[in-house]
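Here is what each chain is made of, one letter per residue.
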Amino acid sequence: MAGYLVTGSIWDMLRFLTAGESHGPGLVTIVEGMPAGLAFSVPDLAGELARRRMGYGRGNRMKLEQDELEIMGGVRHGYTLGSPVAVIVRNTEWSKWEKEMSPLPGHEPRRRMTTPRPGHADLAGMIKYDTHDARNILERASARETAARTVVGYLCKALLAALDVSVFSHVVAIGEASAPDHPLPVPSDLKTIDQSPVRVFHSGAEAAMVAEIEAAKADRNTLGGVVEVLAYGLPPGIGSHVHWDRKLDGLLAGALMSIHAIKGVEIGDGHRSAARRGTVAHDEIYYEDEEGYFRETNRAGGTEGGITLGGILRVRAAMKPISTVMRPLNTVDVDTRQPQKAFRERSDVCAVPAAGVVAEQMVAFVLAQEVQRMVGGDTVEDLLAGWRSHWRKVERF
């Protein structure tokens, strides 16, 4: 029986684990299932991590929380080996936190955090893990963990790039300031997007977004917004309709909702189409000899039935305002059960531009995982062979 269970197990799939706390010695990422022969560049990975720290509205902690990289396994002479890739992102502030966060016994914390912050995992986690010190929860629940996910996203975007698939993001709303829906940016626009302080493609919306952040800062408040992730170069057929947990829409939604502070996901015109009638909600199908099957609209966001259509994949994620605010919210001290103000850690006014970068990483992971599931391969060349074979099937249909 055990022999049968091995076939098709999760061990054959692309997957990842992260470990570490916000103020611990570092964050660890292990990526399993990456094929051999993928080019790996430490400077390029460092550049991707720097993108995660960018954006107007970030606090001074972004200058302090630098990312020092150490490759522990899975890469040799600049190429993946097919074995698990292990990377440590060192915490450059560890010396300040070594006593507070020491894994060794005998180091008592300076003070326990007993006033959980609304909007964070603090109180629910304290109850779940039976602790009266919120630091035991907040250190792992911190968005600093997304630095480890960026390692995953870098590898997955590199793998997709080898297949001529591009994944990138842009900000479409911050607070009440929003950008036009059209035209959509293309992959070559990413440099322009990243040069914007709020990572918005439509330059006319930039000033209004900056003003929203400035107003929130003056009010000693925080601000959320919406990011959009686009994928170009995907063929029809990524994902599947045959099981509930194989639908690409569901996988994307789950991956994006796992990002800190993301409270809503929309595929294509999801929310807007809910108010439309059916005759104007769907993407009608056409065919021409030179072009094959095509759609003139992209209301569905590039998927139907949980499977890619072959056009642009378009997904949005809504980020709530950051929960740590400069005007502490009401809470209760878990020791005394008396009303208190929540404690405050270092925070930002707005992290929406950075959230877009993290959203890219999670979309890239889902796409890379589904591509590998579909065409397989222990090496990049094997993967390319299967990819080309799938494209030939698409072209002759």
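What counts as what
- Residues numbered from 1 in each chain as written.
- Predicted model: local features only at pLDDT ≥ 70, side-chain atom pairs only at ≥ 80, totals over all residues.
- Heavy atoms only, no water.
- Helix = DSSP H or I, 4+ residues; strand = E, 2+ residues; numbered from the N terminus.
- Rg over C-alpha atoms; globule rule 2.2 N^0.38 Å.
- Buried < 20%, exposed > 50% of the residue type's maximum accessible area, 1.4 Å probe, protein only.
- Contact = heavy atoms within 4.5 Å.
- Areas by Shrake-Rupley, 256 points an atom, 1.4 Å probe, with all protein chains shown as cover.
- Patch = residues over 30% accessible without salt bridge, like charges linked within 9 Å, V, L, I, M, F, W, Y side chains within 5 Å.
- Salt bridge = Lys/Arg side-chain N within 4 Å of Asp/Glu carboxyl O.
- Lys, Arg positive; Asp, Glu negative; His and termini not counted.
- Charge placed at Lys NZ, Arg CZ, Asp CG, Glu CD.
- Phe/Tyr/Trp six-rings, centres within 6.5 Å; stacked < 30°, edge-to-face > 60°.
- Pairing = 2+ DSSP bridges.
- Polar contact = N/O pair within 3.5 Å; in protein donor to acceptor, adjacent residues only side chain to side chain.
- Core = buried A, V, L, I, M, F, W, Y, C linked by side-chain atoms within 4.5 Å.
- Arc of directions from axis to C-beta.
- Expected span 1.5 Å × (residues − 1).
- Axes fitted to C-alpha atoms, helices over the stretch in contact; angles between N-to-C directions.

1. A few points about the overall build of the chain
Across its full length, the chain holds 13 helices and 17 strands. What you see for the chain is a C-alpha radius of gyration of 22 Å, in line with the 21 Å of a compact globule of 397 residues. In terms of overall dimensions, the chain has a C-alpha envelope of 70 × 50 × 40 Å along the principal axes. Within the chain, buried positions represent 48% of all 397 residues. Long-range contacts, defined here as pairs at least 24 residues apart, represent 71% of the contacts in the chain between residues at least 6 apart. Accessible surface for the chain amounts to roughly 19,800 Å². Of this, 55% is attributable to carbon and sulfur atoms.

2. Describing a negative patch on the surface
Judged by side-chain charge, E284, E288, D289, E290, E291 and E296 come together as a negatively charged surface patch. Structurally, E284 can be placed in the loop between helix 11 (270-273) and strand 11 (285-288).

3. Here's the deal with the packing of aromatic side chains
Tallying each qualifying case throughout the model produces 6 aromatic pairs. Centroid distance F40 to Y154: 5.5 Å. Interplanar angle 85°. Geometry classified as edge-to-face. Here Y154 lies in helix 7 (residues 146-161) and F40 lies in the loop between strand 2 (26-32) and helix 2 (42-52), a separation of 114 residues in the sequence. What makes F40 buried here is its relative accessible area of 8%. With relative accessibility at 9%, the residue Y154 sits in the buried group.

4. Some remarks on the pairing of strand 12 (residues 292-295)
Direction of pairing for strand 11 relative to strand 12: antiparallel, over a ladder of 4 bridges. From the neighbouring strand, Y287 faces strand 12, where its bridge partner is Y293. Linkage of strand 11 to strand 12, two consecutive antiparallel strands, is achieved through a turn of 3 residues.

5. Some points on the side chain of S22
Structurally, S22 is set in the loop between strand 1 (15-19) and strand 2. Accessibility expressed as a relative area gives 10% for S22, which makes it buried. Only 3.4 Å separates the side chain of S22 from the side chain of S142, close enough to count as a polar contact. When neighbours within four sequence positions are excluded, S22 is seen to be in contact with N91, E139, S142 and R144.

6. Quick notes on the nonpolar core
With 73 residues, the main nonpolar core has V167, I174, M209, V363 and L367 as its most contacted residues. Broken down by element, this core gets its largest block of residues, 13 residues, from helix 12 (residues 352-375). Setting aside residues no more than four positions away along its own chain, M209 makes contact with V171, V172, A173, I174, A177, S178, A179, V198 and V200.

7. Quick look at the environment of D283
Here D283 shows up in the loop between helix 11 and strand 11. We classify D283 as buried; its relative accessible area is 4%. Spatially, the C-alpha atoms of D283 and G74 are 43 Å apart, while their sequence positions differ by 209 residues. Side-chain polar atoms of D283 contact the backbone nitrogen of N298, separated by 3.4 Å. Within the structure, D283 has its side chain in polar contact with the backbone nitrogen of R299 (distance 2.7 Å).

8. Concerning helix 2
Along helix 2, the residues that are buried comprise L45, E48, L49, R51 and R52. With its buried residues spanning 155° around the axis, helix 2 presents them on a single face. The inward-facing, buried residues of helix 2 contact strand 3 (67-73), strand 6 (85-91), helix 7, helix 8 (190-195) and helix 12. Sitting at the head of helix 2, S41 places a side-chain oxygen 3.1 Å from the backbone nitrogen of D44.

9. Some points on the pattern of salt bridges
Per the stated rule, a full pass over the model turns up 27 salt bridges. In this structure, R149 and E145 form a salt bridge, with 2.9 Å as the shortest nitrogen-oxygen distance. Residue R149 shares its accessibility class with E145, and that shared class is buried. Measuring nitrogen to oxygen at the nearest pair gives 2.9 Å for the salt bridge that ties R314 to D269. Of this pair, R314 sits in strand 15 (residues 313-319) while D269 sits in the loop between strand 10 (262-267) and helix 11, and the two are 45 residues apart along the sequence.

10. Structural notes on a positive patch on the surface
On the surface, R388, R392, K393 and R396 cluster together to form a positively charged patch. Along the chain, the position of R388 falls in helix 13 (residues 380-396).

11. Regarding helix 9 (residues 206-218)
In a regular helix each residue adds 1.5 Å, so 13 residues correspond to 18 Å; helix 9 covers 18 Å between its end C-alpha atoms and thus fits that length. For helix 9, every residue scored as buried is listed here: M209, V210, I213 and A216. Viewed end-on, helix 9 has its buried residues packed into an arc of 125°, placing them on one side of the element. Opposite the buried face of helix 9, at more than 90 degrees from it, the exposed residues are A207 and A218.

12. So, the sheet that holds strand 9 (residues 225-232)
Read from one edge of the open sheet, 5 strands run 8-7-9-15-10, paired in antiparallel fashion. Every other strand in the sheet has two partners, leaving strand 8 (177-178) and strand 10 as the edge strands with one partner each. Contacts between helix 10 (residues 248-257) and the sheet are confined to strand 10 and strand 15, with strand 10 contributing the most and set at about 155° to the helix. Across the sheet, helix 12 is in contact with strand 7 (166-174), strand 9 and strand 15; its angle to strand 7 comes to roughly 145°.

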